Structures are given as structure tokens and as C-alpha cells.
Amino acid sequence: MTDHRLEPTPDTVHWGFFDATLQPVLTVASGASVTIRTVSGGADVIPPASAGLAVLPEHRTIVETLKPVLPGHILTGPVAIEGAMPGDVLEVRIEDVRLIQDWGWNANRPLRGSLPHRFPEGRLLQIPINRNAMTATCPWGSVVPLRPFFGVMGVSPRPSYGRVSTIEPREYGGNIDNRELIAGTRLFLPVFVPGALFSTGDGHACQGDGEVNLTALETALEGDFTFVLHKGRSLPRPRAVTPTHLITMAFDPDLDDAATRALEDMIDLLGAVAGLAANDAYALCSLACDLHITQLVDGNKGVHAMLPFDVLPQVEQSAIAGF
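Note that the structure is a prediction, hence the values are computed from the model and not measured.

### Digging into the packing of helix H2 (residues 255-274) against helix H3 (residues 278-288)
Taken N-terminus to C-terminus, the directions of H2 and H3 make an angle of 125 degrees; their axes are 9 Å apart at the nearest point. One element, H2, and the other, H3, form an angle in the oblique class. Considering only the axes of H2 and H3, their crossing is right-handed. For the pair formed by H2 and H3, the contact residues are Leu263, Met266, Ile267 and Leu270 on the first element and Ala278, Ala281, Tyr282, Leu284 and Cys285 on the second. In terms of residue class, the contact of H2 with H3 is built from nine nonpolar, no polar and no charged.

Here it is as C-alpha cells:
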């Protein structure tokens, strides 16, 4: 059982934007757990009654009541964490992720995605989901295994940024679209405003690294999150820990620059958690660290570096939260 529950309603979501002036819809103490439900997509993705796919009432209410402030996602939140201040780090423990509807959608849009020159026309697919089998069957017959995660998890940006779209991931997280951030993962985010102001959404039933045509299998999700505040920690960008891997992440319009930052962050992290000299960490990354293209389609491209714990002789867990 979690300590709190947050449902998506017109009063508890913000559509298309992050903003440091947003007021929290829930405030919790460090260590508290919150169940958060999310919906994904505007009125244009909702299937007609003839499709035989049930639409969540809260999803229909939101798209009939609200309009996107900027192009982007419907996010539930923000949740404030008591005592969080700029210069701290928020650890988000993703305890569980559950599918809550029996369909998802995938779309490519004109002038968007990885290959807009080849696919100039938009297309929308509404794909049935089998929650018991944890599979989705595509119209051409492919059966895809499901591995649900939240594409957007982020805290408020710096106040100086003003109101920004949810589409581009940045140092505060946001539209990370990292398929490794499933249940059992811990995500670490730098804090830029009092309360941190965590929001989530953009539920994905599954996604390949790259998210190449613009979207994953977008759907409604419910997640259990535990929030742990680490005071006075320095963290340049989000990082994560799975049961088996350390993960550093970076975002930039230039894929090479994103890769460089993700790799440098991993080298710095290995110095902090394993006491490795920079040259040794650099060599270890060449031997055992994988660089993945997180996504190519959100303005700021993403790269995440993954290093297995089992190649490290020792790990100082407290250092993962920042320096």
C-alpha cells in the first residue's frame, strides 16, 4: 500500500509544459510513497466507439475540458517533497508500473520523427493490448512483448527557463524516454526549485531504443513511486540505477555531444562510487559500458550509458545520489 494516491483530473494535470511557477497538487514527506495514474494523448488519438477499445473516463474528461498549453504531454502532478531545495537531489524509486487500459497508440507526424523525408504523411495506429499475456498485436501480425515505463519523469526546471514544452528532455529530466526505467529502477534528479515539483506521464507499454518514428506504444499507466530526498548533493543530469546496472543520461541536439556528456558523467560516477581513477574508469567504459541511443525524435536527442555492477569490485551506494 502506498501513502497517497493521485488521479489524473483537469485539476491535477498540466498539459504540454513544465513551469517553475506551477503549484503542487500534492505535498509529501521524504520517504513517502505515491500511486500516480496517467493518461496519454489528445482527442485525436482516442478511438471511435466502433473500434471496441474502452477509453478511460478520466482521459475523455481531460481532453474535453483542457487544451494543451504548449505542444507536449499530459502530465499528472506536480508532487512537492517537503524540504527539497535547489542544490538537493530527488531519488525516485519506481516500485511498480501497471497497464490500466487495453489499447495503446503509435503515431508518426509530418516533419517529425527520424525519417520525415521518407514518411511525410502522418499515420495513427491504435493497437490492442493483452494485459494478461503482456503483449500487443500489431495490424501486420507482429506480437510485441510489453515492458511498461513512464516516458516523462521530471522535476521543475530552473525558474529562469520560464514555461517550456514537455517534449525536450533536459537536466531536470522530463521526456527522457529511457526504456530501462521500469519497475525496480531508481531515478535521480537534480532539484531546481523548492519542493522539487515532480510530474510524470507519457506512459509507454513498450519502446525500442531510439523511438524512431516519434512515439512508443503510448498508453495509460499507474505507477507506485517512493520519493527520497538527498540534501546538499550535486548532480549535473539525471542518472539511474537498475538491479544490475549504473546508468548515466545526457541530452543535446547533437547526438555526439549527448554521448560525450553521458560518458563523462559515467567516468565521474565511477570515481565517486568505486574510487576509480579517471583513466581507469575510461578504460573500463571501453571494456564494459554500453552507449545506447535513448531517442532521436524529441529535439534534444538522448544517449544513456550502462555499466553492469558486476564489473565493479565495490560500490559506495550513497555516492550514487551525487557528489
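### A word on the sheet that holds strand S17 (residues 221-230)
Sheets are built from strands that pair by backbone hydrogen bonding, the pairs being arranged parallel or antiparallel. Taken together, the nine strands give an open sheet; going across it, the order is S1-S5-S17-S7-S15-S18-S19-S21-S20, and neighbouring strands pair in mixed fashion. In this open sheet, the two edge strands, each paired with only one partner strand, are strand S1 (4-6) and strand S20 (290-295). Neighbouring strand axes in the sheet, compared pairwise and without regard to direction, differ in orientation by 25 degrees on average. Of the strand pairs in this sheet, strand S7 (residues 89-99) and S17 are connected by 10 bridges, and their pairing is antiparallel.

### Brief notes about the pattern of salt bridges
The final tally for this structure, using the stated rule, is 18 salt bridges. Where glutamate 222 meets arginine 37, a salt bridge forms, and the shortest distance between an N and an O atom there is 2.9 Å. Residue glutamate 222 is found in strand S17, and its partner arginine 37 is found in strand S5 (residues 33-38); the two are separated by 185 residues along the sequence. In this structure, glutamate 222 and arginine 37 share a single accessibility class: buried. The closest approach of N and O atoms between arginine 131 and aspartate 102, which form a salt bridge, is 2.6 Å. With a gap of 29 residues between them, arginine 131 in the loop between strand S9 (123-130) and strand S10 (135-137) and aspartate 102 in the loop between S7 and strand S8 (103-108) connect regions that are remote in the sequence. Looking at arginine 131, the relative accessible area reads 34%, which means it is partly exposed. You can call aspartate 102 partly exposed: its relative accessible area is 38%. A single salt-bridge network, built from bridges that share partners, covers Arg5, Glu7, Arg37, Glu58, Asp96, Arg98, Glu222 and Asp224.

About the cut-offs
- All residue numbers refer to positions counted from 1 along the written sequence of the respective chain.
- Note on the predicted model: pLDDT of at least 70 is required for a residue's local features to be given, and 80 or more for side-chain atom pairs to be given and counted; whole-chain, interface and lining totals, by contrast, use all residues.
- Side-chain measures were taken over the full set of non-hydrogen atoms in the model, leaving aside hydrogen atoms and water.
- For helices, the fitted line uses only the C-alpha atoms of the stretch in contact; every axis is such a line through C-alpha atoms, and the angle between N-to-C directions lies from 0 to 180 degrees.
- Note on conventions: DSSP H or I runs of at least 4 residues are helices, E runs of at least 2 residues are strands, and numbering of each starts at the N terminus.
- What sets the label is the angle itself: under 35 degrees gives roughly parallel, over 145 gives roughly antiparallel, 65 to 115 gives roughly perpendicular, and the rest give oblique.
- Here is the rule for handedness: rotate from the far helix to the near one, and if that takes an anticlockwise turn smaller than a right angle the crossing is left-handed, while a clockwise turn gives right-handed.
- Residues count as neighbours in contact if any of their non-hydrogen atoms are within 4.5 Å of one another.
- The nonpolar class holds Ala, Val, Leu, Ile, Met, Phe, Trp, Tyr, Cys and Pro. Asp, Glu, Lys and Arg form the charged class, and all remaining residues, Gly among them, are polar.
- When DSSP locates at least two bridges between a pair of strands, those strands are taken to pair.
- When a carboxyl oxygen of Asp or Glu is within 4 Å of a side-chain nitrogen of Lys or Arg, the pair counts as a salt bridge.
- For the exposure calls, accessible area comes from a 1.4 Å probe over protein chains only, and a residue counts as buried if that area is under 20% of its type's maximum, exposed if over 50%, partly exposed in between.

So, to be careful, I would describe these as geometric facts and stop short of saying anything about function.
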